Amino acid sequence: IASVKAEDFVKGAATDAGQLIRGKVAGLSITIPDGNPTSTSQISLRGISTLKAGVSPLVLIDGVPGALNSVAPEDIESIDVLKDGSAAAIYGTRGTNGVILITTRQVLGETPASVELNSYVSTQKITKKLNFMNAEQYRKLVQEGKPGATDYGANTNCLDEVTQTPISQVYNLSLKGGSKNTSYIANMNYRSLQGIMKRSDNLVFFPRVEITHNMFDGRLKFNANVSGYQQQFFAGADGSSYRTDVYRNGLTYNPTDPLKDPNGKWTEHIDKTDYANPVALLEETQGQNKNTDFRTYGTITFLPINDLSINLLGSRDVFNSTRGYYESKEHYSTIHDGRNGYASRGTTRTEENLLELTLNYQKKIKDHEFTAL
């Protein structure tokens, strides 16, 4: 088991829990696939162990299955990583690719009531751009009679037209306190994230309230937790937030080709199949995705005798998603695909219920320690 505490997390802006432990755990590979603000870290812990089932480890948030982006990074107390095959003995085939245990911030024992506010602002930029020709360099090829090279008479830098300098803001407000028998914590996290591509965004609100109560000299313990998130982002493609051909055409668009013709219409070429006006792809698309996740769980822990604990955990996770998307009649798809306008709308609802009853016996005899689960 590798354990990383909050004080050892990677400092700086983090879009999900995975980025907090980059480079902190041996054998754990964490990569950020792109600059999309809705992307989640890709994690590989034990390599490729199966052909089709994926390589992502099981993620548990306070003992309940979840995802890296279903908890605010600023609300995490510690992250434990189960790296070897023993994880499968506890979690079955779900733990084949390893297990990541996320523990949120908690209050234990007598704690004075306090309010804590943290915030930060971050930005991004492309550190190394691909070396494509500008309009002047391209025209030299046309003058040299390069086959296929055409001078349309304009000076266009499409990559600049489809990218922006993003400003992301994160605010985290925490209220906590506790007496000898009862403690509480309420955490609210608001994230307004922007991506390098224009119109890319991700607005997320994470609320969480947790109450813990002890009775009978600590032999009976109750814990109740309500958490979740609300998310909203621009949908640049049907069912997703990012359309990859916007960036690709921003790179490969002819730098002498104007974005609009003299009549104010988007410049498009019917005779070119894999060539689109990247700005038109952005501007002639409207879409929005809204996701809501509501999670409730609670635990009851009873210690009938010393060294033996009985734990009952129950949880319910309800996820709802509504997505809408349309392409106008001026969109690339009208010219090349004959759609003459396109629209779609969809909803998704999933429920996950979990009930776990565990008994744990732990005994120490001189230099030997025995644990049975």
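Refer to the preceding data block for the structure.
Remember, it's a predicted structure, so these values are computed and weren't measured experimentally.

Caption draft 1: Quick look at the overall build of the protein. Looking only at helices and strands, the protein has 6 helices and 16 strands in total. Its C-alpha atoms give the protein a radius of gyration of 26 Å, clearly above 21 Å, the size a compact globule of 373 residues would have. Dimensions of the protein, computed from the C-alpha atoms along their principal axes, are close to 90 × 35 × 35 Å. Looking at the protein as a whole, 39% of its 373 residues qualify as buried. Relative to all contacts within the protein whose residues are 6 or more apart in sequence, the contacts with residues 24 or more apart total 66%. With the model as given, the accessible surface of the protein reaches about 20,800 Å², and the carbon-plus-sulfur share is 53%. Considering the protein, the positive charge centre built from 39 side chains and the negative charge centre built from 40 side chains are found 3 Å apart.

Caption draft 2: A look at a nonpolar patch on the surface. Together, Met-215, Phe-216, Phe-222, Ile-300, Leu-312, Leu-355, Leu-357 and Leu-359 make up a nonpolar patch on the protein surface, roughly 770 Å² of accessible area in all. When residues in the nonpolar patch are grouped by element, the largest group, 3 residues, is from strand 15 (residues 342-365). Assignment of secondary structure puts Ile-300 in strand 13 (residues 285-305). The partly exposed category is assigned to Ile-300, whose relative accessible area is 36%.

Caption draft 3: Local environment of the side chain of Asn-254. For Asn-254, the location among the structural elements is in the loop between helix 4 (244-252) and helix 5 (278-283). Those residues in contact with Asn-254 that sit more than four places away from it in its chain are Tyr-138, Thr-150, Tyr-152 and Tyr-275.

Caption draft 4: Inspection of helix 2 (residues 135-143) at higher detail. Listing the buried residues of helix 2 in full gives Ala-135, Tyr-138 and Arg-139. The buried residues of helix 2 occupy an angular sector of 100° when the element is viewed end-on, so they sit on one face. Opposite the buried face of helix 2, at more than 90 degrees from it, the exposed residues are Glu-136 and Gln-143. For helix 2, the N-terminal cap is Asn-134; the gap from its side-chain oxygen to the backbone nitrogen of Glu-136 is 3.2 Å.

Caption draft 5: The sheet that holds strand 1 (residues 2-5), seen in detail. The mixed open sheet is built from 5 strands, whose spatial order is 1-6-7-4-5. At either end of the open sheet lies a strand with only one pairing partner, and these are strand 1 and strand 5 (64-65). Bridge count between strand 1 and strand 6 (residues 76-82): 4 bridges; the pairing is antiparallel. Bridge pairing in strand 6 places Lys-5 opposite Ser-78.

Caption draft 6: Highlighting unusual backbone geometry. Positive phi is not limited to glycine here, since Arg-199 has a value of about 75°. Mapped onto the elements, Arg-199 comes out in the loop between strand 10 (182-194) and strand 11 (201-215). One non-glycine residue, Asp-307, lies in the positive phi region at around 80°. Summarising the element assignment, Asp-307 is placed in the loop between strand 13 and strand 14 (308-327).

Caption draft 7: View of the side chain of Glu-268. Looking at the element boundaries, Glu-268 is found in the loop between helix 4 and helix 5. This buried residue, Glu-268, is left without a salt bridge; Arg-243 holds the nearest opposite charge, at 9.3 Å. Within the structure, the side chain of Glu-268 is placed 3.3 Å from the backbone nitrogen of Asn-277, a separation counted as a polar contact. Glu-268 has contacts with Tyr-275, Ala-276, Asn-277, Ala-280, Tyr-332 and Ile-335, leaving out every residue within four places of it along the chain.

Caption draft 8: Focus on the packing of aromatic side chains. All told, the structure shown has 3 aromatic pairs when counted by the stated rule. For Arg-339, the ring lying beneath its charged end belongs to Tyr-342, and the centroid distance is 4.1 Å.

Caption draft 9: Representation of the sheet that holds strand 15 in the model. Strand order in the open sheet made by the 9 strands is 8-9-10-11-12-13-14-15-16, with antiparallel pairing throughout. One side of each edge strand has no neighbouring strand; the edge strands of this open sheet are strand 8 (111-123) and strand 16 (368-372). Adjacent strand axes in the sheet meet at a mean angle of 10°, parallel and antiparallel pairs treated alike. Pairing between strand 9 (residues 167-178) and strand 10: 10 bridges, direction antiparallel.

Caption draft 10: Structural context of the environment of Leu-173. When you line up the elements, Leu-173 lands in strand 9. For Leu-173, a relative accessible area of 29% puts it in the partly exposed group. Here the alpha-carbon distance between Leu-173 and Gly-153, two residues 20 residues apart in the chain, equals 55 Å. Residue contacts for Leu-173: discarding those within four places in its chain leaves Val-115, Glu-116, Leu-117, Ala-186, Asn-187 and Met-188.

Caption draft 11: Structural context of the nonpolar core. Among the nonpolar cores identified, the biggest contains 21 residues, and Phe-9, Ile-21, Leu-28, Ile-76, Ile-79, Val-81 and Ile-102 are the most heavily contacted of them. Listing elements by their share of this core, those giving two or more residues are strand 1, strand 4 (58-61), strand 6 and strand 7 (99-104). Examining the composition of this core, we find that 3 residues originate from one element, strand 6, more than from any other. When near neighbours in sequence (up to four residues on either side) are disregarded, Ile-21 contacts Val-4, Phe-9, Val-10, Leu-28, Ile-30, Ile-79 and Val-81. With 14 residues, the next largest nonpolar core counts Cys-158, Tyr-253, Leu-259 and Ala-276 among its residues.

Caption draft 12: Structural detail: the pairing of strand 7. One ladder, built from 4 bridges, connects strand 4 with strand 7; its direction is parallel. Its bridge partner being in strand 7, Leu-60 is matched across the sheet by Leu-101. As judged from the 6 bridges shared by strand 6 and strand 7, these two strands associate in the antiparallel manner. Its bridge partner lying in strand 7, Ile-76 is registered against Thr-104.

Here is what the cut-offs are and how they apply
Residues numbered from 1 in each chain as written. Predicted model: local features only at pLDDT ≥ 70, side-chain atom pairs only at ≥ 80, totals over all residues. Heavy atoms only, no water. Helix = DSSP H or I, 4+ residues; strand = E, 2+ residues; numbered from the N terminus. Rg over C-alpha atoms; globule rule 2.2 N^0.38 Å. Buried < 20%, exposed > 50% of the residue type's maximum accessible area, 1.4 Å probe, protein only. Contact = heavy atoms within 4.5 Å. Areas by Shrake-Rupley, 256 points an atom, 1.4 Å probe, with all protein chains shown as cover. Lys, Arg positive; Asp, Glu negative; His and termini not counted. Charge placed at Lys NZ, Arg CZ, Asp CG, Glu CD. Patch = residues over 30% accessible without salt bridge, like charges linked within 9 Å, V, L, I, M, F, W, Y side chains within 5 Å. Salt bridge = Lys/Arg side-chain N within 4 Å of Asp/Glu carboxyl O. Arc of directions from axis to C-beta. Polar contact = N/O pair within 3.5 Å; in protein donor to acceptor, adjacent residues only side chain to side chain. Pairing = 2+ DSSP bridges. Phe/Tyr/Trp six-rings, centres within 6.5 Å; stacked < 30°, edge-to-face > 60°. Lys NZ or Arg CZ within 6 Å of the ring centre and 35° of its normal. Axes fitted to C-alpha atoms, helices over the stretch in contact; angles between N-to-C directions. Core = buried A, V, L, I, M, F, W, Y, C linked by side-chain atoms within 4.5 Å.

By themselves, these observations are geometric and do not establish any function.
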